[in-house]
Amino acid sequence: MRILGTLLLAVSCCLLAACSADEEYSTHACRFSYNNMIHNDATLASAMNNSSRGVFCLISENTRAGVKYIVFENSAGMKSEQVETAEEVEAKFILGLNNGIIVGFQTLNTDGANGGFVAYDVQCPNCVSRTNNTANPNFRVTMESSGIATCSKCDKKYDMNNGGIILNGEEGDRGLDKYVASTTGPSGVVSVFRR
């Protein structure tokens, strides 16, 4: 009987660990798959390079005169945009809560299948939850070259090099919302999805 109890406890712990691992990812919609071999965008490539850890790229979408663009801005100050191909327009990208995700290789927490490649929502999760506004939030974080993201509204700081953890939070605050992310390298594909 003691062995059965120990076995049940071990299975319960494994299930709880699996649940907490799933909770680390955002449940908000996100769908983005971009082949940088087609566009060869240097701003995006800088964040897809395992050798340039700590460089992050904010990805958003813009429309001008009926033409859709993907806009890239990295934490080193580079900015560029690319006209979407017909296939990309048809894919109907969903870039997080409000048209913005941040991707890059973190300098800490480099273990795992992605080697530390991460994707964050650009919205401050604490402002979003405090206002209960997921329909059209406008609490964007700004990136610093140090890998710190700061909320433009509440001034909370997040360490993008360390899983998006909050650096100056209060009890109950949480880190940046994360999405499942992968890359095949600077001249390859970057994919970001909700778990």
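Our structure is the block above this text.
Here is a short report on the structure shown in this document. Sequence order as written defines residue numbering, which begins from 1 separately in each chain. Totals for whole chains, interfaces and linings use all residues, but because this is a predicted model, local features are given only for residues with pLDDT of at least 70 and pairs of side-chain atoms are given and counted only at 80 or more. Side-chain descriptors were evaluated using all non-hydrogen atoms of the structure, hydrogens and water having been removed beforehand.

A look at the sheet that holds strand 9 (residues 157–159)
We count it as follows: DSSP-based pairing: two strands are paired if at least 2 bridges between them are found. Helix and strand labels come from DSSP, where a helix needs a run of H or I of at least four residues and a strand needs a run of E of at least two; each type is numbered from the N terminus.
Taking strand neighbours across the sheet as the criterion, the four strands line up as 7-8-9-10 in an open arrangement whose pairing is antiparallel. The open sheet is flanked by strand 7 (141–143) and strand 10 (165–166), the only strands paired with a single partner. Pairing analysis gives three bridges linking strand 8 (residues 148–151) to strand 9, with the strands arranged antiparallel. If you follow Ile148 over to strand 9, its bridge partner there is Asp159.

Concerning the packing of aromatic side chains
Within a pair of aromatic rings, the relevant descriptors are the distance that separates the centres and the angle that separates the planes. For the record, the criterion: Under the pairing criterion, centres of Phe, Tyr and Trp rings, with the six-membered ring standing for Trp, must be within 6.5 Å; the plane angle then separates stacked pairs below 30 degrees from edge-to-face pairs above 60, leaving the rest tilted. Ring-over charges, as used throughout, are those where CZ of Arg or NZ of Lys falls within 6 Å of the ring centre and within 35 degrees of the ring normal.
Following the criterion strictly, the structure yields four aromatic pairs and no others. Put simply, the rings of Phe32, Tyr34, Phe72 and Phe93 touch in pairs and so form one group of aromatic residues. One cation-aromatic arrangement involves Arg64 over Tyr69; the distance from NZ or CZ to the ring centre is 4.1 Å.

Section: the nonpolar core
What counts here: By convention a nonpolar core is built from buried Ala, Val, Leu, Ile, Met, Phe, Trp, Tyr and Cys residues, the set being connected through side-chain atoms within 4.5 Å. We call a residue buried when its accessible area falls under 20% of the maximum for its residue type, exposed when it is over 50%, and partly exposed in between, using a 1.4 Å probe and counting protein chains only. For this analysis, residues touch if any pair of their heavy atoms sits within 4.5 Å.
Residues Phe32, Leu44, Ile59, Ile101, Val103, Val190 and Val192 are the most contacted members of the largest nonpolar core, which totals 21 residues. Within the residue set of this core, elements represented by two or more residues are strand 1 (31–35), helix 3 (42–47), strand 2 (56–64), strand 3 (67–74), strand 5 (101–105), strand 6 (117–121), strand 11 (178–183) and strand 12 (189–193). No other element matches the three residues that strand 5 contributes to this core. With sequence-adjacent residues up to four places away left out, Ile101 is seen in contact with Cys30, Phe32, Cys57, Leu58, Ile59, Leu95, Gly96, Tyr120, Val122, Tyr179 and Val192. By size, the runner-up hydrophobic cluster in this structure holds 18 residues, among which are Ile102, Val122, Val128 and Leu176.

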